[in-house]
Amino acid sequence: MLDIRRISTNRWWNKKKNWGLFIFLSFLFFVRISKGSLYKDFYYLISKPFWPGQYQREVLTKSVEQEFLIRLKQLEKDNKRLREILSLQRLSDSESISANVISRKTGSFWRQIILNKGAKDGVEIGSFVVGPGGLLGRVENTSLFTSTVRLLTSPESKVGVWVERIQMHGLLVGSGNDYPKVIFYNKDIDIKVGDFVLSSPASTLLPPNIPIGIIQSVDEEFKAKKTANILLLGKPQAIDWVQILKVEI
Amino acid sequence: MGKYFKKKISLISFLFIPIVYFWDPNWLEFLGVQPYWPLFWLLPWSMIYGSFNGLIIGLFLGLILDSLSLDSSFTQIPGLVLCGIWFGKLSISNNIFVGHFRFGLICSIASFFCGSLYFFQALIKYWTSDNLVLYLPSIKNIFAQVFITGLLAPLICSLLFRLFQKSKGRDKLISFIDE
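These lines cover the structure that appears in this document, whether it is placed above or below. Owing to the predicted nature of the structure, the values given are computational and were not obtained by experimental measurement.

### Considering the pattern of salt bridges
Residue and element names in this part refer to chain A. One pass over the structure, following the stated rule, counts 5 salt bridges over all chains. Between aspartate 121 and lysine 120 there is a salt bridge, with the nearest N and O atoms lying 3.8 Å from each other. Judged by its relative accessible area of 51%, lysine 120 falls in the exposed class. Its salt-bridge partner being arginine 165, residue aspartate 195 comes within 2.7 Å of it at the nearest N-O pair. With aspartate 195 in the loop between strand 9 (181–184) and strand 10 (196–199) and arginine 165 in the loop between strand 7 (158–163) and strand 8 (168–173), this residue pair connects regions lying 30 residues apart in the sequence. A residue is classified by how much of its surface remains accessible, and arginine 165, at 42% relative accessible area, is partly exposed. Look at the salt bridges and you will find they share partners, linking Arg165, Asp190 and Asp195 into a network.

Take a look at the structure:
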């Protein structure tokens, strides 16, 4: 009788330590499977009191002159009408989603921001994110309350761009610092410092003609290619409010 | 409650590493680069619990941090695992000044090691493409991270080391091998 009791108390499930370890491993497994959704949603809840207030948003809105806005809207209307005639890709007619940046990793290798709008608010993977200045990146991951945006400066980011002055396409590649590079697969092009870079009209991922940056310096030619450093117009390290927009396919 | 918190301080602080990773305060930046946060926790923990525990917890940390970052092609696991093993073999110095300096130096070396491993993964991935040269500016990130990690390590690591050492006697739940 004594032996049976001793064996039964020695079973692994009777040890508190093993259960603790089991719960801990299950937690890690869950975090791994859910791609950190639990953490992102938890961070959303605890950082909520510290989000920037309404005032900051108003300052940003007021900074744009009324006259410029009216003119811009007229041009957008014209552009939309012409793109419809040509059957080209355009922005979704539905309203954009305003979101607040609740976490940012703009240094080192990991270049991403987390927004306070997620699947619950209708954010979809592949939507693109613009801030004051221009394009910031694309939504790569969503949880219930948050969405994670891969920035244009991330080494994994590759976006088709268009240089307006010379009417030339290029590929914008993040290089792990604040200045992504544009690769032009033609060494004879005449790019100059100060040229505007926009999203490519031929891109299948992004809507066309969204401002991205300005050419800051042009590198030496290398193997029939020309590369240039870009100064981004949208500054993810300083922006607190962004717009999430969908691409209509 | 307070007693329980003290007992489980290492486990609770482990669960908060991803929160600090998200938080990434701007005022702790150096050249736009943040310190490599997981090392601050891994160093004191591995020094107390040994190499094997360091290896396991390095693996777990890597798994969690990989889940939180978007770059699915690269992983932080090898760097953290090897650092966990290495930290476990180190002993604490009796001299308080030397001890603090050692925390800084060890974290700087480990940050350099982890950053380089991450960078080499990018180099290997883009080895065949002509775009390899584009990733060279990332070297600046590694050195900035080494500096800021080494600067903050004496402060954070020594604090965590004292906390973990106190809680060790009370709880052995998260030790993966019996000592």
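Still more to cover.
### A closer look at the interface of chain A and chain B
The interface is formed by 50 residues belonging to chain A together with 47 residues belonging to chain B. Here chain A packs against chain B, burying approximately 4,100 Å² in sum over the two surfaces, 62% of which is carbon and sulfur. Considering only the side of chain A, the residues that lose the most area to chain B are Tyr39(A), Phe109(A) and Trp110(A), jointly responsible for 19% of the buried surface there. Counting across the chain A and chain B interface gives 0 salt bridges. The interface formed by chain A and chain B holds 6 residue pairs in polar contact (both at pLDDT 80 or more) in total. Elements that contribute at least two residues to the side of chain A that touches chain B include exactly helix 2 (16–33), helix 3 (37–47), strand 2 (97–105), strand 3 (112–115), strand 5 (134–142), strand 6 (147–151) and strand 9 of chain A.

### Side note on helix 8 (residues 138–168) of chain B
Counted at 1.5 Å a residue, the expected span for helix 8 of chain B with its 31 residues is 45 Å, but the 39 Å between its end C-alpha atoms falls short. Of all bends in helix 8 of chain B, the biggest is about 50°, found at Ala153(B), and the proline Pro154(B) comes one to four residues later.

### Brief notes about empty space enclosed by the protein
All told, the structure shown has 4 cavities of 30 Å³ or more when counted by the stated rule. A volume near 80 Å³ is recorded for the largest cavity. When its residues are assigned to classes, the lining of the largest cavity shows 6 nonpolar, 4 polar and 2 charged. The computed volume of the second largest cavity comes to approximately 60 Å³. As for the second largest cavity, its lining consists of Phe109(A), Trp110(A), Tyr36(B), Thr75(B), Gln76(B), Gly79(B), Cys114(B), Gly115(B), Leu117(B), Tyr118(B), Gln121(B) and Gln145(B). Looking at the lining of the second largest cavity, the element that brings in the most residues is helix 7 (residues 96–125) of chain B, giving 5 residues. Residues that form the lining of the second largest cavity fall into these classes: 6 nonpolar, 6 polar and no charged.

### Observations concerning the layout of surface pockets
Residues and elements named next belong to chain A. Taken as a whole, the second largest pocket spans an internal volume of roughly 330 Å³. At the level of elements, helix 3 and strand 2 are the ones that each hand at least two residues to the lining of the second largest pocket. At 4 residues, the largest contribution of residues to the lining of the second largest pocket is made by strand 2. Its residues assigned to classes, the lining of the second largest pocket shows 10 nonpolar, 3 polar and 3 charged.

### Things to note about the packing of helix 4 (residues 37–49) of chain B against helix 5 (residues 51–68) of chain B
Residues and elements named next belong to chain B. Two numbers describe how helix 4 lies on helix 5: the axes approach to 9 Å, and their chain directions differ by 160°. Between helix 4 and helix 5, the angle falls in the class roughly antiparallel. Of the two possible hands of crossing, helix 4 and helix 5 adopt the one that is right-handed. In this structure, helix 4 contributes Pro38, Trp41, Leu42, Trp45, Ser46 and Tyr49 to the contact, and helix 5 contributes Asn53, Gly54, Ile57, Gly58, Leu61 and Leu65.

What counts and how
Residues numbered from 1 in each chain as written. Chains lettered and ligands numbered in written order. Predicted model: local features only at pLDDT ≥ 70, side-chain atom pairs only at ≥ 80, totals over all residues. Heavy atoms only, no water. Salt bridge = Lys/Arg side-chain N within 4 Å of Asp/Glu carboxyl O. Buried < 20%, exposed > 50% of the residue type's maximum accessible area, 1.4 Å probe, protein only. Helix = DSSP H or I, 4+ residues; strand = E, 2+ residues; numbered from the N terminus. Contact = heavy atoms within 4.5 Å. Buried area = accessible area lost by both parts, 1.4 Å probe. Polar contact = N/O pair within 3.5 Å; in protein donor to acceptor, adjacent residues only side chain to side chain. Expected span 1.5 Å × (residues − 1). Bend = angle between axes of the 7 residues up to and from the residue. 1 Å grid on protein atoms, 1.4 Å probe; cavity = no way out; pocket = protein on both sides within 12 Å on 5 of 7 lines; lining within 4 Å. Points joined across faces, edges and corners; volume = space filled by probe spheres on them. Nonpolar A, V, L, I, M, F, W, Y, C, P; charged D, E, K, R; others polar. Axes fitted to C-alpha atoms, helices over the stretch in contact; angles between N-to-C directions. Parallel < 35°, antiparallel > 145°, perpendicular 65-115°, else oblique. Left-handed = near helix turned anticlockwise from the far one by under 90°.

Interpretation note: all reported values are geometric properties and have no functional meaning in isolation.
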